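Below are the chains, spelled out letter by letter.
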Amino acid sequence: MSPPVVVTIAGTDSGGAAGIAADLTTFAALGVHGACVVTAVTAQDTTGVRAIHPVPLDVVAAQLDAVLEDLDPVAVKTGMLATPEVVRLVAQRCAGRVLVVDPVLVATSGAVLGGAEVVAAYRSWLLPVATVATPNEDEFVALGRPAGDHVLVTRGGDIPTTNDHGTGCTHSAALAAHLALGVPLADAAPLADAYVARQLHLSKDWTLGRGRGPVAHLHNPTLDTGEIA
């Protein structure tokens with residue numbers, strides 16, 4: 001039997017911690033096939049974001065159309081959308097599908113990745129058609145504290161670690177994967193939380209980079225059995 005398809009619409013992370021890299025590895029770990037639409041190329045590492053190059057709108061649209069028409073994904077997960085035009089495009093093309101919106105506006109490092117026009121586009125176009133949105137606390141505030149059962153605010157976990165870069169992307173990708181597998185949202189949310197906790201535990205003692213290191217994107221079968229020691 002073929003696995004369900006989930007497409008991530010997001011930016012790259014040259015450090016391999018967040019964005020497309022986090023999404024695709026999470027999809028694979030949880031048993032769904034990941035497709036991707038690249039919206040921006042970023043130069044970033046564990047210390048912060050150095051540069052952002054948005055992908056032209058027509059190229060984003062061509063990628064998205066190719067995936068939607070050929071692979072017909074069960075679920076769509078968004079990350080960094082970079083421009084208001086891309087936010088609107090995604091809302092128009094993906095309305096009616098299972099849509100997990102991770103409004104990547106403020107990075108773990110504190111870098112602002114979406115200005116006022118992008119925020120307005122999220123509020124007007126994308127949030128109204130989302131199945132669920134997963135802002136972090138800063139993004140929740142930036143979006144005007146949207147109310148509703150479909151908004152899950154991603155907060156820091158109980159695991160003491162500075163290796164948490166990519167936590168939000170990993171959480172929303174795990175949520176999208178579980179929804180694509182047919183798990184109801186009420187059950188998918190705690191499963192996504194548990195997955196992120198396992199990955200944070202796996203990387204808690206790593207020393208990668210000079211800043212906030214990556215959450216683990218490795219698969220450790222012993223953690224699946226609850227043996228977190």
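What counts as what
Residues numbered from 1 in each chain as written. Predicted model: local features only at pLDDT ≥ 70, side-chain atom pairs only at ≥ 80, totals over all residues. Heavy atoms only, no water. Helix = DSSP H or I, 4+ residues; strand = E, 2+ residues; numbered from the N terminus. Rg over C-alpha atoms; globule rule 2.2 N^0.38 Å. Lys, Arg positive; Asp, Glu negative; His and termini not counted. Charge placed at Lys NZ, Arg CZ, Asp CG, Glu CD. Buried < 20%, exposed > 50% of the residue type's maximum accessible area, 1.4 Å probe, protein only. Polar contact = N/O pair within 3.5 Å; in protein donor to acceptor, adjacent residues only side chain to side chain. Contact = heavy atoms within 4.5 Å. Pairing = 2+ DSSP bridges. pLDDT = per-residue confidence, 0-100. Axes fitted to C-alpha atoms, helices over the stretch in contact; angles between N-to-C directions. Parallel < 35°, antiparallel > 145°, perpendicular 65-115°, else oblique. Left-handed = near helix turned anticlockwise from the far one by under 90°. Nonpolar A, V, L, I, M, F, W, Y, C, P; charged D, E, K, R; others polar.

Draft legend 1. Examining the overall build of the chain more closely. In terms of helices and strands, the chain carries 8 helices and 6 strands. Ordered by position from the N terminus, the helices and strands of the chain form the series β-α-β-β-α-β-α-β-α-β-α-α-α-α. For the chain, whose C-alpha radius of gyration is 16 Å, the value lies close to the compact-globule estimate of 17 Å for 229 residues. Taken along the three principal axes of its C-alpha coordinates, the chain extends 45 × 45 × 30 Å. The positive charge centre, built from 12 side chains, and the negative charge centre, built from 22, are 5 Å apart in the chain.

Draft legend 2. Quick peek at helix H3 (residues 84–94). Every buried residue of H3 is listed here: Val 86, Val 87, Leu 89, Val 90, Ala 91 and Cys 94. Remark: Gly 96 follows H3 within two positions and exhibits a positive phi of approximately 95°.

Draft legend 3. Spatial organisation of the side chain of Thr 170. Along the polypeptide, Thr 170 turns up in helix H6 (residues 167–180). Among the polar contacts listed, one links the side chain of Thr 170 to the backbone oxygen of Gly 166, at a separation of 2.8 Å. Excluding its chain neighbours within four sequence positions, the residues that come into contact with Thr 170 are Ala 22, Thr 26, Tyr 195, Val 196, Val 215 and His 217.

Draft legend 4. Geometry of the pairing of strand E3 (residues 48–54). For strand E2 (residues 33–45) and E3, the ladder comprises 6 bridges, and the chain directions are antiparallel. When the sheet's bridge partners are listed, Val 41 is paired in E3 with His 53. Taking the residues that link successive antiparallel strands as the turn, the E2-E3 hairpin has 2 residues.

Draft legend 5. Here's a closer look at unusual backbone geometry. Positive phi is not limited to glycine here, since Asp 72 has a value of about 45°. You can see Asp 72 is positioned in the loop between helix H2 (57–70) and strand E4 (75–78). With a phi angle near 55°, Arg 145 is a residue other than glycine that sits in the positive phi range. Among the secondary structure elements, Arg 145 is positioned in the loop between helix H5 (137–142) and H6. With a relative accessible area of 52%, Arg 145 lands in the exposed category.

Draft legend 6. Up close: the confidence of the model for the chain. On average, the chain scores 91 in pLDDT, and the residues at 70 or more come to 91%. Per-residue pLDDT stays below 50 along residues 225–229; that stretch engages in 5 contacts with residues further than four places along the chain or on separate chains.

Draft legend 7. Summary view of the packing of H6 against helix H7 (residues 185–203). It is the contact of H6 with H7, at a shortest axis distance of 8 Å, that shows an interaxial angle of 140°. In terms of orientation, H6 lies oblique with respect to H7. Between H6 and H7 lies a crossing of right-handed hand. Residue-level inspection shows Thr 167, Thr 170, His 171, Ala 174, Leu 175, His 178 and Leu 179 of H6 in contact with H7, the latter providing Leu 185, Ala 188, Ala 189, Leu 191, Ala 192, Asp 193, Tyr 195, Val 196 and Leu 200. Among the residues making up the contact of H6 with H7, the classes are represented as 11 nonpolar, 4 polar and 1 charged.

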